[in-house]
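Here is what each chain is made of, one letter per residue.
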Amino acid sequence: MAEKNRTVKIGVVGLGGRGRGLIGTLAQMDDVVISAVCDIVDECIDEAIGRIREYKDYPVKRFNNYHDLLAEKDIEGVVIATSWNEHIEIAIASMEAGKYAAFEVGGANSIEECWDLVKTYEKTKVPCMMLENCCYGQYELAILNMIRHGLFGEIIHCAGGYHHDLRTLADALARNKQRSFHHLHRNAELYPTHEIGPISKYLNINRGNRFLTLTSTASKSRGLGIRAEEVFGKDNPYTQNYALGDIVTTVIKCAGGETITLTHDTSLPRPYSRGNAVHGTKGIWMEINKSVYFEDLSPNPHEWEPIENYLDKYNHPIWKEFLEDGVTGGHGGMDYLVLRAFIESIQNETITPIDVYESASWMAITCLSEQSISMGSMPVAFPDFTNGKWLTQRPVLEGKYSLDK
Ligand SMILES: NC(=O)c1ccc[n+]([C@@H]2O[C@H](COP(=O)([O-])OP(=O)(O)OC[C@H]3O[C@@H](n4cnc5c(N)ncnc54)[C@H](O)[C@@H]3O)[C@@H](O)[C@H]2O)c1
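Residues numbered from 1 in each chain as written. Predicted model: local features only at pLDDT ≥ 70, side-chain atom pairs only at ≥ 80, totals over all residues.

Draft legend 1. A look at the site of the ligand. The full set close to the ligand counts 25 residues, and G14, G16, R18, T82 and E104 are the nearest of them. Among the elements that line the shell around the ligand, the one with the most residues is helix α1 (residues 17–26), at three residues. Grouping the amino acids of the shell around the ligand by side-chain chemistry returns ten nonpolar, ten polar and five charged. (Near = placed C-beta within 6 Å. Helix = DSSP H or I, 4+ residues; strand = E, 2+ residues; numbered from the N terminus. Nonpolar A, V, L, I, M, F, W, Y, C, P; charged D, E, K, R; others polar.)

Draft legend 2. Layout of the sheet that holds strand β10 (residues 259–265). A sheet is described by the order of its strands in space; here nine strands give the open sequence β14-β13-β12-β11-β7-β10-β9-β8-β15, paired in mixed fashion. The sheet is open, and its two edges are formed by β14 (305–306) and β15 (380–381), each paired on a single side. Two elements, strand β12 (residues 283–286) and strand β13 (residues 291–294), share four bridges in a ladder whose sense is antiparallel. Within the sheet, the bridge partner assigned to G283 lies in β13 and is F294. Helix α9 (residues 193–202) rests against β7 (155–163), β10 and β11 (277–280) of the sheet, and its axis sits at about 160° to β7. Those strands touched by helix α14 (residues 356–374) are β8 (211–218), β9 (247–254) and β15, and its axis lies near 50° from that of β8. (Pairing = 2+ DSSP bridges. Contact = placed C-beta atoms within 7 Å. Axes fitted to C-alpha atoms, helices over the stretch in contact; angles between N-to-C directions.)

Draft legend 3. Representation of the domain arrangement of the chain. Each assigned domain of the chain is listed here: domain 1 (8–133) and domain 2 (135–318 + 356–391). Placing a centre on the C-alpha atoms of domain 1 and another on those of domain 2 gives a separation of 26 Å. Each partner contributes to the interface: domain 1 provides 18 residues, whereas domain 2 provides 23 residues. Counting only elements with at least two residues in the side of domain 1 that touches domain 2, the list comes to α5 (111–124) and β6 (128–130). Per-element accounting of the side of domain 1 that touches domain 2 gives the leading share, five residues, to α5. (Domains from an automatic or database assignment.)

Draft legend 4. Quick peek at helix α8 (residues 178–185). All of the buried residues along α8 are S180, H182 and H183. In a view along the axis of α8, the buried residues occupy a sector of 155°, so they form one face of it. Buried residues along α8 sit in contact with α7 (169–172) and α10 (223–232). (Buried ≥ 20, exposed ≤ 12 C-beta atoms within 10 Å, placed from the backbone. Arc of directions from axis to C-beta.)

Draft legend 5. Region of the structure containing the nonpolar core. Among the nonpolar cores identified, the biggest contains 105 residues, and V12, I34, I80, A91 and L117 are the most heavily contacted of them. In this structure A91 touches I80, A101, F103, L117 and C128, once residues within four positions along its chain are discounted. Core analysis: the second largest hydrophobic core is formed by 15 residues, L169, L190, Y191 and L244 among them. (Core = buried A, V, L, I, M, F, W, Y, C linked by C-beta atoms within 7 Å.)

Draft legend 6. How the structure looks around α9. Most of α9 sits out of view: ten of its ten residues are buried. Buried residues of α9: T193, H194, E195, I196, G197, P198, I199, S200, K201 and Y202, and no others. Structurally, α9 contributes buried residues whose contacts are with β6, α6 (138–148), β7, β10, β11 and α14. Positive backbone phi, at 55°, marks N204, one or two positions downstream of α9.

Draft legend 7. Layout of the packing of α6 against α9. Between α6 and α9, the shortest axis-to-axis distance is 10 Å and the interhelical angle comes to 15°. Classed by the angle they form, the pair α6 and α9 counts as roughly parallel. Relative to α9, the crossing made by α6 is right-handed. Mapping the contact onto sequence places E140, L144 and I147 in α6 and P198, K201 and Y202 in α9. Grouping the constituent residues of the contact of α6 with α9 by class yields four nonpolar, no polar and two charged. (Parallel < 35°, antiparallel > 145°, perpendicular 65-115°, else oblique. Left-handed = near helix turned anticlockwise from the far one by under 90°.)

Draft legend 8. Representation of the pairing of β7 within the structure. Across four bridges, β7 lies against β11 in antiparallel orientation. Bridged to C158 within β11 is V278.

Draft legend 9. Quick look at the sheet that holds strand β3 (residues 61–63). On the basis of which strands lie adjacent, the open sheet formed by six strands has the order β3-β2-β1-β4-β5-β6 and parallel pairing. Edge strands, defined here as strands with exactly one partner in the open sheet, are β3 and β6. Mean inter-strand twist for the sheet, computed between neighbouring axes without regard to direction, equals 25°. Two elements, strand β2 (residues 32–38) and β3, share three bridges in a ladder whose sense is parallel. Considered in β3, the bridge of V37 is made with R62.

Draft legend 10. Structural context of the environment of N5. Mapped onto the elements, N5 comes out in the segment before β1 (8–13). Separated by 339 residues in sequence, N5 and E344 have C-alpha atoms that sit 7.7 Å apart. When near neighbours in sequence (up to four residues on either side) are disregarded, N5 contacts D31 and Q347.

Draft legend 11. Up close: the packing of α9 against α14. The interhelical angle for the contact between α9 and α14, taken along N-to-C directions, is 135°, at an axis separation of 10 Å. The angle between α9 and α14 falls in the class oblique. The element α9 and its partner α14 pack so that their crossing is right-handed. Contacts from T193, I196, G197 and S200 of α9 reach α14 at E358, W362 and I365.

Draft legend 12. Up close: the environment of H331. Within the secondary structure, H331 sits in the loop between α12 (317–325) and α13 (334–348). On the neighbour-count criterion, H331 (15 C-beta atoms within 10 Å) is partly exposed.

Structure follows, in structure tokens:
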């Protein structure tokens, strides 16, 4: 029954570093009971329950098989933080079991699995959401608010990147970390969603606009091989054989005429950035120098000014309230907000602020870019996961966590 603030029982599947981090945030919420956890590794379950015990002493069931967790009748929502290969399979099983599904970020292995996700939602009508925390980042939300207030005029181009020095993924191969195998064997935009999530909301993707085509180009691969040689020695099998180009550049063309560039950049030395940028007929934003320029508002022509000059007025209402209440949770508060959005959708029995069509479109970038690179940067067509419904007034979430109002 829909009831604000009622207690919801949640199951968490996948209890690696990320799963345990999410559990730490969920366990602090007084209207959430984590009634079951699941991992194929017992030590991960022990550590996850230990994390819950830092805050709560309610009973927690433990499972090695997620189907057993899904058979628990009183669980209403499932948080999935396994490695990329299992997200869709577990989300589908969760929807089929009648439980709201929220899965961690990552790219898809095939277009077919994205369709499977969409078709399961259409059959079951059980909401399913990617936990794209960066949609709730302070700057990303402030820029969304400024776009909606018309400061940028008509949007022409957006950019974003996953600029994160992850060369230690070469070491993690020895621990069988699944993500490392994607870097070893796949040449693609492997991790598009931190940047495409917010950009997709800026451009009303799947609500009046959609991704049409994509091209991807990869540089040569050096960074991970050099790291592997440092860690494993000169004659290790991985030094020369990384498939992933150090820099993968993807260009997406939208039905509305906008272009988007995405950069996957995880194999070379550099500080972290999501490289968010927006360019419209009236102004520009660049995350990299935290600056904006608005032709009608900025004091000096052709000169950047700090984004901070606009935050008092244009911080998104979600962030205004969050700052007043006291920011909490990992990644500067984004993890807390995206989890609250999921929990409150369950409590209110509504759709989720990120829906299955968006989740499928964002994940599909990975396998489409893989195809484009393998064919010498040929353009590839984007599937329309909405089957034409992007042209109509699709329902949007009302209320506090909406990213579409
Ligand atoms: N949103 C963010 O900011 C953010 C940050 C870090 C990681 N992530 C994402 O979180 C996910 C997990 O990342 P991680 O670093 O914790 O990965 P990890 O590989 O360390 O952990 C994955 C866990 O899932 C378990 N697992 C695998 N298959 C399973 C199955 N069938 N049933 C139950 N458990 C299973 C593994 O045993 C492991 O403990 C990834 O999708 C990653 O991209 C997101």
